[in-house]
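Okay, here's what each chain looks like letter by letter:
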Amino acid sequence: MINQRYIEQFQQLETPFYFYDLDLLRATLDTVKREASKYNYVVHYAIKANANEAVLKTLTEYGFGADCVSGNEVSKAIELGIPNSKVAYAGVGKSDKEIKTALQHQIFSFNCESIPEIEVINEIAGKMDVVAPIAIRINPDVDPQTHKYITTGLKDNKFGINHWDFDEVGRILRSLPNIKLTGIHFHVGSQITDISVFEQLSLKVNKIHEWFEQNGFHLEHINVGGGLGINYDDPQAQPICDFAAYFKAFNDHLELKEGQQLHFELGRSLVAQCGHLISKVLYVKQGLETQFLILDAGMTELIRPALYQATHKVSALTSNLPTEKYDIVGPICESSDVFGRKVDLPKSKRGDLIAIHSAGAYGETMASTYNMRDLVKAYNSDELK
Ligand SMILES: *Cc1c(COP(=O)(O)O)cnc(C)c1O
């Protein structure tokens, strides 16, 4: 999965670090571009999944828009040269400063998550003498069949506006002069591997869309968010998601009116498989019923296992001995700092290199310095060529 010539170079580098295979990223983006353009769909990249400079530069070259969840992400998108007409901004808690930043950049859309937020954007836009283009983020009450911490579209989630508030939203939108409703927005969760969830979402969108039409709001765009899942168990079997089936599900079920554009905000599915966390074995420690493989990477570099009970495929890069069972753990002073239990791995020793795969999304961006550790470094295939 990782070319031998890179592994030789890894041995000269201080671990742990992220390694990004930009060739796989480009192959993924080629596929997305091809499949989305069949239907004229607009794809935004969700920057929070991975904001590594080389990854962002590569994404920018493909002409995707940006999906931002903070003022700094909005500024970063603009700095990268992503046209402001392709920058969407979501989030339940946009600060006044962040709203001003986004208004100054004249972004494509504020994806609004509550009535008080709409009122504040109207007020700030009024002071700046501009009109803010907004999309209402709607909670469609679709169960994405994923982990509860990455479910966002159920009626008791903090995200989005619920259907019982529509009448009030309609009244407020008509009364606010510095707001223009341009679209509706949905994002029901992440790591969704069952395509039928997107079919259900499409059917809900059709109904909600109808409400807006009937109430005199003509929408320029519909944004169905992201959430397409990847294969964490066997990344080699599916390095690139089935984007053809994903976009087709929307084309088959979601009804657009004349001139309307369908937008997507993909994060994980674009960048997860191109990233690997490379670590070294510090110690092999004999436990009562298990042996621990203690790595120099932990939850400070990749928090997904500790935060979402996620599992990543782990492989040995420098050992091809017969396998043994290991509990693979990090060095951090937390019991949840575990990458896997009872994992079959070639017999390993101190100094061996280990790769944790599918780590390109919500890995480096969520890294911390907990325990006063150094912030994780990153390399990519272009610089190690
Ligand atoms: C995180 C996020 C995304 C991207 O989700 P993925 O599961 O990584 O595709 C898209 N839209 C919004 C609003 C988000 O918060």
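Residues numbered from 1 in each chain as written. Predicted model: local features only at pLDDT ≥ 70, side-chain atom pairs only at ≥ 80, totals over all residues. Heavy atoms only, no water.

### Remarks on the pairing of strand β13 (residues 323–329)
Next up, step 1: Looking at chain direction, strand β11 (residues 291–295) and β13 are connected through 4 bridges and run parallel. Pairing of F292 across the sheet is with D327, part of β13.
Next up, step 2: As defined by bridge partners, β13 adjoins strand β14 (residues 338–346) across 6 bridges and the pair is classed as antiparallel. Among the inter-strand pairings, V329 is bridged to a residue of β14, identified as V338. (Pairing = 2+ DSSP bridges. Helix = DSSP H or I, 4+ residues; strand = E, 2+ residues; numbered from the N terminus.)

### Some remarks on the packing of helix α2 (residues 22–37) against helix α3 (residues 53–61)
Next up, step 1: Contact geometry of α2 with α3 gives a least axis separation of 10 Å together with a crossing angle of 30°. In terms of their interaxial angle, α2 and α3 are classed as roughly parallel. Crossing of α2 over α3 shows right-handed handedness. Taking contact as the criterion, the partners of L22, L25, R26 and L29 in α2 are, on α3, A54, V55, T58 and L59.
Next up, step 2: Its residues placed into classes, the contact of α2 with α3 shows 6 nonpolar, 1 polar and 1 charged. (Axes fitted to C-alpha atoms, helices over the stretch in contact; angles between N-to-C directions. Parallel < 35°, antiparallel > 145°, perpendicular 65-115°, else oblique. Left-handed = near helix turned anticlockwise from the far one by under 90°. Contact = heavy atoms within 4.5 Å. Nonpolar A, V, L, I, M, F, W, Y, C, P; charged D, E, K, R; others polar.)

### Remarks on the environment of Y362
Next up, step 1: Take Y362: it is sitting in the loop between β15 (353–356) and β16 (377–380).
Next up, step 2: C-alpha separation for the pair Y362 and K38, spaced 324 residues apart in sequence, amounts to 29 Å.
Next up, step 3: Sequence-distant contacts of Y362, defined by excluding residues within four places in its chain, comprise K48, A49, S190, R268, L302 and R304.

### Notes on the site of the ligand
Next up, step 1: For the ligand, the set of nearby residues contains 16 residues, the closest of which are K48, S190, E265, R268 and Y362.
Next up, step 2: The side chain of K48 places a nitrogen or oxygen atom 2.7 Å from an oxygen atom of the ligand.
Next up, step 3: Measuring from a nitrogen atom of the ligand, one finds a side-chain N or O atom of E265 at 2.7 Å.
Next up, step 4: Out of a free accessible area of 390 Å², the ligand has 95% covered by protein chains. (Near = heavy atom within 4 Å. Polar contact = N/O pair within 3.5 Å; in protein donor to acceptor, adjacent residues only side chain to side chain. Areas by Shrake-Rupley, 256 points an atom, 1.4 Å probe, with all protein chains shown as cover.)

### Section: the pattern of salt bridges
Next up, step 1: Counted by the stated rule, this structure contains 19 salt bridges.
Next up, step 2: With a shortest N-O distance of 3.1 Å, D23 and R26 are connected by a salt bridge. Of this pair, D23 and R26 both sit in helix α2, separated by 3 residues, roughly a single helical turn.
Next up, step 3: When its relative accessible area of 22% is taken as the criterion, R26 is described as partly exposed.
Next up, step 4: The partner of K57 in a salt bridge is E53, with the nearest N and O atoms 3.8 Å apart. Note that K57 and E53 are positioned in helix α3 at a spacing of 4 residues, about one turn of the helix.
Next up, step 5: The class of K57 is partly exposed, set by a relative accessible area of 48%. (Salt bridge = Lys/Arg side-chain N within 4 Å of Asp/Glu carboxyl O. Buried < 20%, exposed > 50% of the residue type's maximum accessible area, 1.4 Å probe, protein only.)

### Examining the packing of aromatic side chains
Next up, step 1: Counting across every chain of the model gives 22 aromatic pairs.
Next up, step 2: Ring centres of Y18 and Y20 lie 6.0 Å apart, and the angle between their planes is 5°; on these two criteria the pair is classed as stacked.
Next up, step 3: Look at Y18 and you get buried, because its relative accessible area is 0%.
Next up, step 4: Given the relative accessible area of 1%, Y20 is considered buried.
Next up, step 5: Among the aromatic side chains, those forming a connected cluster through ring pairs are Y39, Y41, F198, F243, Y246, F247, F250 and F264.
Next up, step 6: The ring of Y6 has R5 sitting right over it, with the charged end atom 4.6 Å from the ring centre.
Next up, step 7: In this structure, K94 packs its charged tip against the face of Y89, placed 5.2 Å from the ring centre. (Phe/Tyr/Trp six-rings, centres within 6.5 Å; stacked < 30°, edge-to-face > 60°. Lys NZ or Arg CZ within 6 Å of the ring centre and 35° of its normal.)

### Topic: the pairing of strand β5 (residues 109–112)
Next up, step 1: By the alternation rule, side chains of β5 split into S109 and N111 and F110 and C112, which are all buried.
Next up, step 2: Sheet analysis places strand β4 (residues 87–89) next to β5, joined by 2 bridges and oriented parallel. Note that in β5 the partner of A88 across the bridge is S109.
Next up, step 3: Handedness of the crossover joining β4 and β5 through helix α5 (residues 96–104): right-handed.
Next up, step 4: Judged from the 3 bridges that link them, β5 and strand β6 (residues 132–137) form a sheet pairing that is parallel. In the strand pairing of β6, C112 is matched with I136. (Right-handed = clockwise from strand over helix to strand, strands pointing away.)

Coordinates in, geometry out; function isn't part of it.
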